[in-house]
Amino acid sequence: MGKVRVLILGAAFSADLHADGYARIRDKAEIVGIADKDQSRVKALAERYGFTGYKAYEDYKDAIEDCECDLVDICLPNFLHYDPALLAIEKGRNIISEKPLATTVEHAQEMVDRAKAKGVHIYYAEDWLFAPAINRALELIDEGSIGELKYMRLREAHSGSHSPFAQKISLCGGGSMIHLGVHPVCFALAMKNNEWTEVVAMTSGGGDKNMIHKGMEGEDWATAIIRFKDGTAATLEGNYVTYGGMEDVLDFYGDTGCLHVDLTFSSALNGFSQKGFSYTVEKSETTVGWARPAVDEKYNVGYAAEIETFVDFCAKNAEANVGMRGEDGLEALKVINYIYQSAKEGRAVKNPNLEA
């Protein structure tokens, strides 16, 4: 086939991350439609990345029905992943879904089931799996540099989402664990082929019980310990109580060594400014003083490779690798729900689907 024709649903934050990826592979992908209720955002996104010849839509339903495309990229708030996905699947389109796959396990399960029945693919956008630094770390682990991998400590954290959709559980599915911890959860599951045995967790509790964000229905801090079938374990954390910018940190411990990845603060630049830099790193509250300005943030955290990989899969109408499929997004959501269950009940939760 020729270029993969892409319809982008949404023109805000997530759409910008994905649009940058498409702009890098103009020989492989063509943006044929962009949908957003705010048409000024559509125009701004297209102008930012030089997209032309696309059709603008205000309503995602109209876009899915009208736009002739091969791939529908859902870059909408969490609660708007499910309905557009089903509509696109019904039209026979492959889709990219941002994390989390849906706000409920039931909706995520239906998305996966319907895609399978229709013979189309859900590509689940877990950017950690495409980050160059992480993949280099995995190469080093595979070559035995730290011996046999025994334990992982994985964290994503910042000072809190400003999105109104992140404040209510009905709109987002939870708090910091489903928004940020979803990355550590999905990554750890992908590393272990989804073969986890039990999980135990604690959270701040949400609302008045939160450490800082009392007006947020979901938790602003959550940590889980998960054990896998092969006996290894991982600590998974997502929190909104971290100031200074986005922290994506991965620690790997083997029986003869260890390896640490600082995905967001590992810039080659290091500087001091009294007036402030124009930009340093995602979610940074200030750029004044000492800072490490990101060089190519979207590339380094994996979005560029993620988009190119999914376009390549779509061009071949092929299923993605483990960790990048709809069923992997579904399993991550199930584990997050077990994390919430464990925290609420104060006990470990065993995997009900793994054979002894």
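What you are looking at is a predicted structure, and each value in this text was computed from that prediction instead of being measured.

**Q** Where do I start with the environment of V199 in this structure?
**A** Among the structural elements, V199 can be located in strand 8 (residues 196–203). The class for V199 is buried, based on a relative accessible area of 1%. Setting aside anything within four residues of it in sequence, one finds V199 in contact with A224, I225, I226, Y338, I339, S342, R347, A348 and V349.

**Q** Could you clarify how one ought to interpret the nonpolar core in this entry?
**A** One recurring pattern in soluble globular proteins is that nonpolar side chains are buried together. By size, the foremost hydrophobic cluster in this structure holds 106 residues, and its most contacted members are L9, Y22, F187 and F252. Take this core: its biggest share by element is nine residues, from helix 8 (residues 176–191).

**Q** Explain the sheet that holds strand 6 (residues 122–124) here, please?
**A** Through backbone hydrogen bonds, the strands of a sheet pair up, either in parallel or in antiparallel fashion. With parallel pairing, six strands are arranged side by side in an open sheet as 3-2-1-4-5-6. At either end of the open sheet lies a strand with only one pairing partner, and these are strand 3 (55–57) and strand 6. The mean inter-strand angle of the sheet, taken between neighbouring strand axes irrespective of direction, is 25 degrees. Pairing of strand 5 (residues 94–97) with strand 6, which is carried by three bridges, proceeds in the parallel orientation. Bridged to S97 within strand 6 is Y124. Relative to strand 2 (residues 29–35), helix 2 (residues 39–49) is tilted by about 160 degrees, and along the sheet it contacts strand 2 and strand 3. The strands touched by helix 10 (residues 303–315) are strand 1 (4–9), strand 2, strand 4 (71–74), strand 5 and strand 6; relative to strand 6, the strand with the most contacts, the crossing angle is about 165 degrees.

**Q** What exactly am I supposed to notice about the packing of helix 5 (residues 105–118) against helix 11 (residues 326–345) here?
**A** When two helices pack together, their arrangement is captured by the angle between the axes and the distance separating the axes. The contact between helix 5 and helix 11 brings their axes to 9 Å, and the two run at 165 degrees. Classified by the angle their axes make, helix 5 and helix 11 are roughly antiparallel. As helix 5 runs across helix 11, the sense of the crossing is left-handed. Where helix 5 abuts helix 11, its residues V105, A108, Q109 and V112 lie against G326, E327, L330, L333, K334 and N337. Of the residues in the contact of helix 5 with helix 11, the class split is five nonpolar, three polar and two charged.

**Q** Could you clarify how one ought to interpret the packing of helix 1 (residues 13–23) against helix 2 in this entry?
**A** Running from N to C, helix 1 and helix 2 cross one another at 35 degrees; their axes reach a closest spacing of 10 Å. For helix 1 against helix 2, the interelement crossing comes out right-handed. For the pair helix 1 and helix 2, the contacting residues are A15, D16, A19, D20 and A23 in the first and L45, R48 and Y49 in the second. Of the residues that constitute the contact of helix 1 with helix 2, the class distribution is five nonpolar, no polar and three charged.

Thresholds applied
Residues numbered from 1 in each chain as written. Predicted model: local features only at pLDDT ≥ 70, side-chain atom pairs only at ≥ 80, totals over all residues. Heavy atoms only, no water. Helix = DSSP H or I, 4+ residues; strand = E, 2+ residues; numbered from the N terminus. Buried < 20%, exposed > 50% of the residue type's maximum accessible area, 1.4 Å probe, protein only. Contact = heavy atoms within 4.5 Å. Core = buried A, V, L, I, M, F, W, Y, C linked by side-chain atoms within 4.5 Å. Pairing = 2+ DSSP bridges. Axes fitted to C-alpha atoms, helices over the stretch in contact; angles between N-to-C directions. Parallel < 35°, antiparallel > 145°, perpendicular 65-115°, else oblique. Left-handed = near helix turned anticlockwise from the far one by under 90°. Nonpolar A, V, L, I, M, F, W, Y, C, P; charged D, E, K, R; others polar.

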